[in-house]
Amino acid sequence: MNTIYRKSFIFRALSYEEYRDGICLRNGFINCTIAAKVLNETTIGFALLNEVPTGINSRFGLPIFGIENGDILQDRVQYGRLPKSLSWEDPNEPIVCNILNSMHCIRFAMLSPLRIIEFFGEFEEIREE
């Protein structure tokens, strides 16, 4: 997973699924571009472009905590963390991003209510900053 960790990228999503409590609420085909840019040592910024499903902000940033703090897990790269409190000011602001080892799925988690949106597709570009 070091091929994607702490690197800027462009991911072209062709489909998505939204889950809450293990139940798929919505799914379908989509033409969404996820652009990520490493802004500094502690932050990665995301922009969702073109077709963006409702229920997720199109621009946001997440913290980078570092490899020693669990950003690279056995099956994914993870930016952000679940906060100690399960209330959040903006219910559509992602708090966690997972890039799964398959490199075909990017998952965002939102709070209030706790749910995930998974985007399926392909990486078009991965670059060092």
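Here, every reference points to the structure presented above.
Residues numbered from 1 in each chain as written. Predicted model: local features only at pLDDT ≥ 70, side-chain atom pairs only at ≥ 80, totals over all residues. Heavy atoms only, no water.

A.B. asks: Give me the lowdown on the nonpolar core, citing residues and values where you can.
C.D. replies: Formed by 29 residues in total, the largest nonpolar core has its most connected members in Phe-9, Ile-34, Phe-46, Tyr-79, Ile-99, Phe-108 and Phe-119. At the level of elements, β1 (8-20), β2 (23-40), β3 (43-50), β4 (59-63), β5 (76-80), β6 (96-100), β7 (105-110) and β8 (115-127) are the ones that each hand at least two residues to this core. When residues of this core are assigned to their parent elements, the largest contribution, five residues, is made by β2. (Core = buried A, V, L, I, M, F, W, Y, C linked by side-chain atoms within 4.5 Å. Buried < 20%, exposed > 50% of the residue type's maximum accessible area, 1.4 Å probe, protein only. Helix = DSSP H or I, 4+ residues; strand = E, 2+ residues; numbered from the N terminus.)

A.B. asks: Provide a residue-level description of the pattern of salt bridges, including the pertinent values.
C.D. replies: The full count for this structure, using the stated rule, is eight salt bridges. When the shortest N-O distance is used, the salt bridge between Arg-26 and Glu-18 registers 2.4 Å. Among the residues examined, Arg-26 registers a relative accessible area of 26% and is labelled partly exposed. Judged by its relative accessible area of 5%, Glu-18 falls in the buried class. Note that Asp-75 and Arg-76 form a salt bridge whose closest N and O atoms lie 3.4 Å from each other. Since its relative accessible area comes to 37%, Asp-75 is described here as partly exposed. In the salt-bridge network here, residues are joined through shared partners; they are Glu-18, Arg-26 and Arg-115. (Salt bridge = Lys/Arg side-chain N within 4 Å of Asp/Glu carboxyl O.)

A.B. asks: Quick rundown of the environment of Pro-94? Include the residues and the values.
C.D. replies: With respect to the helices and strands, the residue Pro-94 is situated in the loop between β5 and β6. Considering only alpha carbons, one finds Pro-94 and Arg-81, 13 residues apart in sequence, at a separation of 9.9 Å. Every residue in contact with Pro-94, bar those within four places of it in the chain, is listed here: Ile-56, Phe-60, Leu-62, Phe-108, Ala-109 and Met-110. (Contact = heavy atoms within 4.5 Å.)

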